Amino acid sequence: MTDKQSSMSVNKHVLTHDLKLRQLSNTSIFLRGRLFVLSPSAQNQHNWFDLSKVNVERYQEKPYKGFLVVRFFDKLLVADLDRFIREMMPADFYVLPSSGRPHWKFNIKFSNSTHYIINQQNPSKPYPVREFSVPQLQELLDKRA
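By convention here, each chain's residues receive numbers from 1 onward along its written sequence. Residues qualify for local features only when their pLDDT is at least 70, as the model is predicted, and side-chain atom pairs are given and counted only at 80 or more; totals for whole chains, interfaces and linings, by contrast, use all residues. Side-chain calculation: all heavy atoms of the structure are included, whereas hydrogens and water are not.

**Quick word on the pattern of salt bridges**
What counts as a salt bridge is simple: a side-chain nitrogen of Lys or Arg found within 4 Å of a carboxyl oxygen of Asp or Glu. Within this structure, the stated rule accounts for six salt bridges. The partner of E57 in a salt bridge is K53, with the nearest N and O atoms 3.7 Å apart. Of the two residues, E57 and K53 both sit in helix α3 (residues 53-59), four residues apart, roughly one turn of that helix. Residue classification places E57 among the partly exposed positions, given a relative accessible area of 40%. Accessible area is worked out with a 1.4 Å probe on protein chains only. A residue is then buried under 20% of its type maximum, exposed over 50%, and partly exposed in between. With a relative accessible area of 25%, K53 lands in the partly exposed category. Ionic pairing is found between K75 and D74, a salt bridge with its closest N-O pair at 3.7 Å. When its relative accessible area of 64% is taken as the criterion, D74 is described as exposed. Each helix corresponds to a stretch of at least 4 residues labelled H or I by DSSP, and each strand to a stretch of at least 2 residues labelled E; elements are numbered beginning at the N terminus.

**Brief notes about the pairing of strand β5 (residues 48-52)**
Residue alternation in β5 divides its side chains into a buried set, F49 and L51, and an unburied set, W48, D50 and S52. Strand pairing requires that DSSP identify at least two bridges connecting the strands. Of the pairings in the sheet, the one linking β5 to strand β8 (residues 103-111) comprises five bridges and is antiparallel in character. By the bridge assignment, S52 is partnered in β8 with H103.

**Thoughts on the side chain of N44**
Among the structural elements, N44 can be located in the loop between β4 (41-42) and β5. We classify N44 as buried; its relative accessible area is 19%. Between N or O atoms, a polar contact is any pair within 3.5 Å; within protein, one atom must be a potential hydrogen donor and the other a potential acceptor, and residues adjacent in sequence are included only when both atoms are from side chains. Within polar-contact distance, the side chain of N44 engages the backbone nitrogen of N47 at 2.7 Å.

**Section: the nonpolar core**
Here, the term nonpolar core denotes a set of buried Ala, Val, Leu, Ile, Met, Phe, Trp, Tyr and Cys residues that are joined through side-chain atoms within 4.5 Å. Ranked by size, the top nonpolar core spans 26 residues in total, and within it L68, V70, F84, M89, F106 and I117 carry the most contacts. Element by element, the count of residues in this core is highest for helix α4 (residues 81-88), at four residues. The contacts of F84, once residues within four sequence positions are left out, are L51, L68, M89, F106, I117 and Y127. By size, the runner-up hydrophobic cluster in this structure holds 15 residues, among which are V14, L21, L137 and L141. Contacts are residue-level and defined by heavy atoms, with any inter-residue pair within 4.5 Å sufficient.

**Quick notes on the environment of K65**
Of note, K65 is situated in strand β6 (residues 65-72). Of the residues examined, K65 reaches a relative accessible area of 18% and is grouped as buried. Each C-alpha atom of the pair K65 and L141 lies 9.3 Å from the other, and the pair is 76 residues apart in sequence. Discounting residues that sit within four places of it in the chain, K65 has contacts with R34, L35, F36, Y59, D80 and R144.

**Points about the confidence of the model for the chain**
Reading fine detail from the predicted coordinates is not recommended where pLDDT is low. A residue's pLDDT is simply how confident the predictor is in it, with values from 0 to 100. Mean pLDDT over the chain stands at 89; residues scoring 70 or higher make up 93%. Contacts for the low-pLDDT stretch residues 1-5, under 50 throughout, to residues beyond four places or in other chains number two contacts.

**Things to note about the packing of aromatic side chains**
Ring geometry is summarised as follows: Phe, Tyr and Trp rings, the Trp one being its six-membered ring, pair when their centres sit within 6.5 Å, and such pairs are stacked at plane angles under 30 degrees, edge-to-face over 60 and tilted between the two. Tallying each qualifying case throughout the model produces seven aromatic pairs. Ring plane angle 50° and centroid distance 5.1 Å describe the contact between F36 and Y64, whose orientation is recorded as tilted. In this pair, F36 sits in strand β3 (residues 35-38) while Y64 sits in the loop between α3 and β6, placing the two residues 28 residues apart along the sequence. Of the two residues examined, F36 and Y64, each falls in the buried class.

Listed below in structure tokens is the structure:
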């Protein structure tokens, strides 16, 4: 298993087993009914992750209730996906690598007992996210399903 595959697998069992979400192909998208969970994994020394434009567009195809659940080492950092997209993913601030697949790059910072997500292309606006336990996340998703 490569490092990338290992990183993508961290806490995936929480999503698929505990939260009863179904992974869409080999993406960071997890679904259950009207729930759409975009769940990247940040398992690196620089605390970064990315979100692909294609995955965000899939969210906008149907009337889903969406959440961003970043699997940050052993933590689950959660945000409302609509608000996160609106505030942190402006259309003109994504990266277009040589592969031609546009995405946004983010870092996670910890300050004053709060985790923040920072868009690497626009670092002036930290976005606070909450850490959830598995039972707290189950309760949140069950309310919205």
